[in-house]
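Summary of structural features
If you want the building blocks of each chain, they are given just below.
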Amino acid sequence: MKVIVQTDRLVLREYEEDEAEAFFKGKSDPEVLRFVPDKRWLDVEQARQVLVDHPIADYRKHGFGRGACIFKSTGEQIGFAGLKYLDELNEVDVAYRLMPAYWGLGLATEVARASVRFGFTKLGLNRIIGLAMPENIASVRVLEKAGMRYTETVAFLGSQFSKYVINRDEWERFSIVAWDKFQQCDAIRSSAHSPSPG
């Protein structure tokens, strides 16, 4: 199984056809589907066909595609994430879809940032977009935390989406600022745990 990216808590790797059952879970939960245009899948066989026709086909055609998101501490597959070329918009899109039990933990932001970094540093992309329904505030915040900016509302798969964009030069500037903030926070944490002088 080819690993796409790793973060502190997650592994994002390519799908294999025999993972249809785990893939099916993420497309049959009504909470997960609330802010996406997808219809609920009927069975595992339908999930298997989608795996073959989409992510697995994307790996062969484009060299990248959505991947299985694995929670390192348990080895559980908790959803999917990553980059995908959207023929309809002629854009590369970053997305994340995790099971509800893993919402609110910062995991979507973690994998979104890692996917964007992968796109610019490994794939040589110059631009990446993200799509979120305007009412999906949590998803919008993830895109913003990944350094993306709102540009317009677009029609996609029969629904209206807010389109967020980040270019390579914007990402480079964002990464420097984010790293500086991380170092400042780390210094504050270290100072708080250091013994008092005297």
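In what follows, the accompanying structure is described. Small disclaimer: the values here were computed from a predicted structure and weren't measured. Each chain has its residues counted from 1, running along the sequence as written. The predicted origin of the model limits local features to residues at a pLDDT of at least 70 and limits the giving and counting of side-chain atom pairs to 80 or more, whereas totals for whole chains, interfaces and linings rest on all residues. Heavy atoms from the whole structure form the basis of all side-chain values; hydrogens and water molecules are not counted.

Side note on the overall build of the protein
Cut-off, in case you're wondering: Counting from the N terminus, the helices are DSSP H or I runs at least four residues long and the strands are E runs at least two residues long. Three labels apply to residues, based on accessible area from a 1.4 Å probe with only protein chains included: buried if under 20% of the type maximum, exposed if over 50%, partly exposed otherwise in between. The contact criterion used is simple: two residues touch if any of their non-hydrogen atoms lie within 4.5 Å.
The secondary structure content of the protein amounts to six helices and eight strands. Secondary structure elements of the protein, listed N to C terminal, follow the sequence β-β-α-α-α-β-β-β-α-β-α-β-β-α. Within the protein, buried positions represent 46% of all 198 residues. Look at the contacts in the protein between residues 6 or more apart in sequence, and 59% of them connect residues 24 or more apart.

Side note on the pattern of salt bridges
Condition: Note on definitions: salt bridges are taken to be side-chain nitrogens of Lys or Arg within 4 Å of carboxyl oxygens of Asp or Glu.
With the rule as written, the count across this model stands at eleven salt bridges. Put simply, glutamate 19 and arginine 13 hold a salt bridge, and the shortest N to O gap is 2.5 Å. Given a relative accessible area of 8%, glutamate 19 falls into the buried group. Residue arginine 13 is classed as buried on the basis of its relative accessible area of 11%. A salt bridge links lysine 163 to glutamate 152, with the nearest nitrogen and oxygen atoms 3.6 Å apart. Taken as a pair, lysine 163 in strand S8 (residues 159–167) and glutamate 152 in strand S7 (residues 149–156) lie far apart in primary sequence, eleven residues in all. For lysine 163, a relative accessible area of 8% translates into the label buried. By relative accessible area, glutamate 152 is classed as partly exposed at 37%.

Points about the environment of tyrosine 96
As for its position among the elements, tyrosine 96 is in strand S5 (residues 91–98). Leaving out residues up to four positions away in the same chain, tyrosine 96 has contacts with Phe80, Ala81, Ala108, Val111, Ala112, Ser139, Val142 and Leu143.

Thoughts on unusual backbone geometry
Of note in the backbone geometry, asparagine 90 takes a positive phi value of approximately 55 degrees without being a glycine. Mapped onto the elements of the fold, asparagine 90 is located in the loop between strand S4 (76–86) and S5. In this model, leucine 157 sits at a positive phi of 55 degrees, which is unusual for a non-glycine residue. Relative accessible area serves as the criterion here: at 52%, leucine 157 is assigned to the exposed category.

Here's the deal with the packing of helix H2 (residues 44–53) against helix H3 (residues 55–62)
For clarity, the threshold we go by: Between N-to-C directions, angles cover 0 to 180 degrees, with each direction set by a line fitted to C-alpha atoms, over the stretch in contact for helices. Our angle categories are set so that under 35 degrees counts as roughly parallel, over 145 as roughly antiparallel, 65 to 115 as roughly perpendicular, and the remainder as oblique. Basically, the charged four are Asp, Glu, Lys and Arg, the nonpolar ten are Ala, Val, Leu, Ile, Met, Phe, Trp, Tyr, Cys and Pro, and anything else, Gly included, counts as polar.
For the pair H2 and H3, interaxial distance at closest approach is 3 Å and the crossing angle is 5 degrees. As far as their axial angle goes, H3 and H2 are roughly parallel. Touching Val50, Leu51, Val52 and Asp53 of H2 are Pro55, Ile56 and Ala57, all from H3. In the contact of H2 with H3, the residues fall into six nonpolar, no polar and one charged.

With respect to the side chain of threonine 7
Definition in use: Under the rule applied, a polar contact is a pair of N or O atoms within 3.5 Å (in protein, one hydrogen donor and one hydrogen acceptor; residues adjacent in sequence only if both atoms are side-chain atoms).
On the secondary structure map, threonine 7 appears in the loop between strand S1 (3–6) and strand S2 (10–13). Take threonine 7: its relative accessible area is 11%, and that puts it in the buried class. Of note is the side chain of threonine 7, whose polar atom sits 2.5 Å from the side chain of glutamate 110. Excluding residues that lie within four positions of it along the chain, threonine 7 makes contacts with Lys72, Glu110 and Ala114.

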